[in-house]
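Listed here are the chains, written in short residue letters.
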Amino acid sequence: MLDRHAPDPGAAPMAAPDAQYLDVVAIRKAFKGVTVMDGLDFRMARGELVSLLGPSGCGKTTLLRIIAGLMQADDGSVILAGRNIASLPPHKRNISVVFQNYALFPHLSVAENVAFGLRARGMSKADAVKPVREALALVRMQDFAERSITALSGGQQQRIAVARALVVRPHLLLLDEPFSALDRKLRETMQVELKSLLRDRGITGIFVTHDQDEAMGVSDRIAVMNAGRIEQFADPSTLYATPATPFVMDFVGLSTRLSGRVAAQEGALVAVDTDLGRLRAPGTLAPGTPVLIGVRPELIRLDGGADMNRVDLVLEDVAILGSKTMLQGRPGAEDRLLCELAGIRNCKARGDAVSFHWAVEDTLLYDLSAGATP
Amino acid sequence: MSTARADRIGLLVLPGLAYLGLIYALPLFLLLLKSFRDATGALSVAEFVQIFGDPLQRSIIARTLRVAFLVTLLALVIAWPTAIVMRSARGGWLSLFLVAIILPMSLGVVVKAFAWSILFRSNGFINQSLMTMNLIDAPIRLLFTETALVIGAANVFLPFMVLPIYAVLQQQDPNLPDAAATLGAGPYQRFFKVIVPLAMPGVVAGCAFVFSMAVSMYVIPSLIIGERQQTVAMQIARSFLFLRNEQLGSSLSTILLLIAVSVVLGSSWLAARLGARQ
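**Details of the overall build of chain B**
Part 1 of the argument: The helix and strand tally for chain B stands at 13 helices and zero strands.
Part 2 of the argument: Secondary structure elements of chain B occur, N-terminal to C-terminal, as α-α-α-α-α-α-α-α-α-α-α-α-α.
Part 3 of the argument: By its C-alpha atoms, chain B is 75 × 70 × 35 Å across when sized along the principal axes.
Part 4 of the argument: By residue count, 39% of the 278 residues in chain B fall in the buried class.
Part 5 of the argument: As displayed, chain B offers around 15,600 Å² of accessible surface, 71% of which is attributable to carbon and sulfur atoms.

In C-alpha cells form, the structure reads like this:
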C-alpha cells in the first residue's frame, strides 16, 4: 500500500477529540437558487452510529453526499478526524458509502467487487486476496467469492456492499437507506446483524433513512431532519419521550394531539382549553398563546384519577394488532386521538363512549404562536 | 398464453421470412455458388487461388481492410466523448445532440462527398487556410487520398458508433462511478475500470456496425478517391459492370461476405461474453 490515502488502522485520527470525530459546520447548499440547507451543523463522536431521519426532500441525502464528497456544499466545512476535507474529492476522503441500490459493479465478480477499493489504492491482486477473504467471512459470504453479482439475492448483495465498504477500513461509513430494498423480515434480521458487525469493529457510521423503526433500531443517536434543518439530535429514548418539536413528535412514533389555547398559568402548569375540554401540561406560557398538546398513545389509559388529564370521546376505530390494540377517536381537523393498550382487549368496539386518561406530567406542550422557536 | 396460440402468433414471421428468402438469401446463394465454379461450371476454388495470387487484388483487399479499420477507429475516438457528453445532457440539449447526429444521415452521401471536395481540393478551404497561416508553401494533396477517404467515411458512419455507445452509457447506474469514487478510485480509474468495461457491449456493437459498413462501402470511395485506389466493393462493381467477369465479381463478393459474417459473429460472441458477466 503505497498510496498516501491507504487505510492505516493505527494512524487514523490526529489530535481531534473523539467527541468531535466528525464535525460538519455551517453547511449551506442551494439548488438552482433555492436554498435547501442554510447553516447546518452536525457533530458526532468516534465509534458512534447515528441516523439521519426525515421525510424525502428533508436534505438527509444531500448532507450524506456532502460528507462523502459526492456533492459540494456552497459554504461550510466538513472536519473528519481533525482534518478539513470539504475541498477534497471523494476518492481522497476515505469515506465508504453503502448505496441504496448497493451499486455493485455488474462486470466484476463478488471478490473483485470487494477488492475494488484495495486495488484502487494501489494494492496488488495477490496482496488483496487475504483482506478480501476476511471481509467476505465477516459478512458470511466467503463461499460466494467467485459468483456473479447478478446471481445474488438482495440480502446477499447488501452484505457484499458492506464488505466492499469495510475492507478499505474507512474513517467513516455512510449508509444510504441500506435496508429499503429488502423485504420486512430480512430487513429486521439485517439490521440486527449489521449493527453488531459495525459495533464489534468500532465503525463510525451514519445511516440515512426515512424509517423511524430502522433509525431507532440501529443508532445510538438520531438526527431528525426537516426542510434542511436538524430539528432534534438525541438518543432514541429522549427523542421519543421528549420530542423537541411537533414535527419530531409526529415523525417519531404515534401520538394523540390536540390544538388549543392557553387559558391560564397555574404554578408550574399551563391550563389549555381544547375542543374536548380543559387540559393541563407542564410549562410556562402567556394566556391566549396557541398551543399543541401531545401525548404518546401507550401512556393513555381508559380509567384514572381526578388529577389526570381526561377527554371523553366516541371510538371511531378499534384496531387489533396482535401485541397491542389501538383505539382511535374522531377528533377535529388537525387533531388526533390515539390510545394504545397492551395485548388484545375486545371489551371496546367502534361506537363505544370512552374516556382517555393520562398523567399531567406525561403531557407534551408546544407553542404554536408565530415567532416561537420550533 | 396457450401453446396453440403462441404457435399461431409464430406464423406472423412468415411474410418477413419469405421476403428475406426470396430477395436476400436466394440471390446471395446463387452468387456464392457461382464463385465456387470455374468457367466450365465444375466445382472449384481456382478463382480464389487466382485472386490471392494476384498482387493487385491482394493490395485491394488489404487497403479495404485497412481503411475499414481506420474508419472504425476514428469513429470510435470521436464517438466516445460525444456519447459521454450526451449522457449528461438533458432536455433541449439532448434533443439538439440527437438531431445533430441523426439529421446528417438523411443528407445523401453524394451531397456530402461533393461538399467535402470543396473543403479538400487544392484551392479548397483547408489548403487555403494552411497556406494563409504559412504552415505549407504549396497545396497538399487531400482529395483522392486514403486519408480523405477515412475522414469522410468516419463522418458518414459516426451515428452508428455514437448511438449504441450512448445507449449503453445511458443505461448505466449513475451510482457506479460514485461508488468507485468513494472506494478511492480517481477519475481515470473510474473511467477505465467502471465506465468503459460496462460500455463494451455498445462499443462492440458500434464497431461491428461501422466496420461492416466501411468494409463494403462503394459510393463513398467512388466519390472521394475514384478509380485510383480501389476497394473490394468497387472492384466487384467493376467486375460485373465493365469487365463482365462474373467469376471474379462473385468470388470477391464471397470474400467480402466472409469478412462481414466473421465480424458480425465475432462481435456477437464478444458481446454475449461481455453481457454474460453483467
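So much for the structure itself; the text now carries on.
**Thoughts on the environment of R221(A)**
Residue and element names in this part refer to chain A.
Part 1 of the argument: Looking at where R221 falls in the secondary structure, it is placed in strand β9 (residues 221-226).
Part 2 of the argument: Each C-alpha atom of the pair R221 and M44 lies 9.1 Å from the other, and the pair is 177 residues apart in sequence.
Part 3 of the argument: Dropping the residues within four chain positions of it, R221 is found in contact with R43, M44, A45, E48, L49, V50, S51, F233, A234 and D235.

**Considering the sheet that holds strand β8 (residues 205-209) of chain A**
Residue and element names in this part refer to chain A.
Part 1 of the argument: If you trace the six strands from one edge of the open sheet to the other, you get β6-β7-β8-β3-β9-β10, paired in mixed fashion. Single-partner strands in this sheet number two, and they are β6 (95-98) and β10 (229-234). Across this sheet, the average inter-strand angle for adjacent strands is 20°, counted without regard to direction.
Part 2 of the argument: Two strands pair when backbone bridges link them, and strand β3 (residues 49-53) and β8 are joined in this way by five bridges, in the parallel orientation. Each residue of the ladder has a partner; that of S51, found in β8, is F207.
Part 3 of the argument: Set on the sheet, helix α1 (residues 60-68) makes contact with β3, β6, β7 (172-176), β8 and β9; between it and β7 the angle comes to about 150°.

**Some remarks on the interface of chain A and chain B**
Part 1 of the argument: Taken together, the 26 residues of chain A in the interface contact 21 residues of chain B.
Part 2 of the argument: Buried surface at the junction of chain A and chain B, both sides included, amounts to about 1,900 Å², of which 61% is carbon and sulfur.
Part 3 of the argument: For the chain A face of the interface with chain B, the top three residues by lost area are H91(A), H107(A) and F116(A), together amounting to 32%.
Part 4 of the argument: Among the ionic pairs, R65(A) bridges to D178(B), the shortest N-O distance being 2.8 Å.
Part 5 of the argument: Taken together, the connections running from chain A to chain B amount to seven residue pairs in polar contact (both at pLDDT 80 or more).
Part 6 of the argument: For the side of chain A that touches chain B, the secondary-structure elements that each account for two or more residues are β6, α2 (110-120) and α4 (154-166) of chain A.
Part 7 of the argument: Top contributing element to the side of chain A that touches chain B by residue count: α2(A), with five residues.
Part 8 of the argument: Classifying every residue of the side of chain A that touches chain B gives 13 nonpolar, eight polar and five charged.

**Observations regarding the nonpolar core**
Part 1 of the argument: Counting residues in hydrophobic clusters, the biggest one holds 55 residues, and the most contacted among them are V71(B), W80(B), F157(B), I165(B) and I220(B).
Part 2 of the argument: Here this core gets 13 residues from one element, more than from any other, and that element is helix α8 (residues 146-171) of chain B.
Part 3 of the argument: Every residue in contact with I220(B), bar those within four places of it in the chain, is listed here: V109(B), W116(B), L149(B), A153(B), V156(B) and F157(B).
Part 4 of the argument: Membership of the second largest hydrophobic core comes to 44 residues, among which are V50(A), L108(A), L172(A) and I206(A).

**Regarding unusual backbone geometry**
All names here are of chain A.
Part 1 of the argument: In this structure, Y102 takes a positive phi of about 70° despite not being glycine.
Part 2 of the argument: Summarising the element assignment, Y102 is placed in the loop between β6 and α2.
Part 3 of the argument: Although it is not a glycine, R140 sits at a positive phi angle of roughly 55°.
Part 4 of the argument: With respect to the helices and strands, the residue R140 is situated in the loop between α3 (125-138) and α4.

**What to know about the sheet that holds strand β5 (residues 83-84) of chain A**
Residues and elements named next belong to chain A.
Part 1 of the argument: The strand order across the open sheet built from four strands is β2-β1-β4-β5, with neighbouring strands paired in antiparallel fashion. In this open sheet, the two strands that pair with only one neighbour each are β2 (34-44) and β5.
Part 2 of the argument: As paired strands, strand β4 (residues 75-80) and β5 are joined by two bridges and run antiparallel to one another. What sits directly across from L80, in β5, is R83.
Part 3 of the argument: On top of the sheet, α1 reaches β1 (22-31), β2 and β4; it is set at about 115° to β1, its chief contact.

**Describing α1(A)**
Part 1 of the argument: Among the nine residues of α1(A), eight are classified as buried, and the element is accordingly described as predominantly covered.
Part 2 of the argument: For α1(A), the full list of buried residues reads K60(A), T62(A), L63(A), L64(A), R65(A), I66(A), I67(A) and A68(A).

**Side note on the packing of helix α6 (residues 109-120) of chain B against α8(B)**
Helix-helix packing: each pair is described by the crossing angle between the helix axes and the interaxial distance.
All names here are of chain B.
Part 1 of the argument: It is at 11 Å that the axes of α6 and α8 come closest, and there the two elements cross at 140°. If you check the angle between α6 and α8, you find them oblique. For the pair α6 and α8, the sense of crossing is right-handed. Seen from α6, the contacting residues are V109, K112, W116 and F120; seen from α8, they are A148, I151, G152, N155 and V156.
Part 2 of the argument: The residue inventory of the contact of α6 with α8, partitioned by class, reads six nonpolar, two polar and one charged.

Thresholds, definitions, all that
Residues numbered from 1 in each chain as written. Chains lettered and ligands numbered in written order. Predicted model: local features only at pLDDT ≥ 70, side-chain atom pairs only at ≥ 80, totals over all residues. Heavy atoms only, no water. Helix = DSSP H or I, 4+ residues; strand = E, 2+ residues; numbered from the N terminus. Buried < 20%, exposed > 50% of the residue type's maximum accessible area, 1.4 Å probe, protein only. Areas by Shrake-Rupley, 256 points an atom, 1.4 Å probe, with all protein chains shown as cover. Contact = heavy atoms within 4.5 Å. Pairing = 2+ DSSP bridges. Axes fitted to C-alpha atoms, helices over the stretch in contact; angles between N-to-C directions. Buried area = accessible area lost by both parts, 1.4 Å probe. Salt bridge = Lys/Arg side-chain N within 4 Å of Asp/Glu carboxyl O. Polar contact = N/O pair within 3.5 Å; in protein donor to acceptor, adjacent residues only side chain to side chain. Nonpolar A, V, L, I, M, F, W, Y, C, P; charged D, E, K, R; others polar. Core = buried A, V, L, I, M, F, W, Y, C linked by side-chain atoms within 4.5 Å. Parallel < 35°, antiparallel > 145°, perpendicular 65-115°, else oblique. Left-handed = near helix turned anticlockwise from the far one by under 90°.

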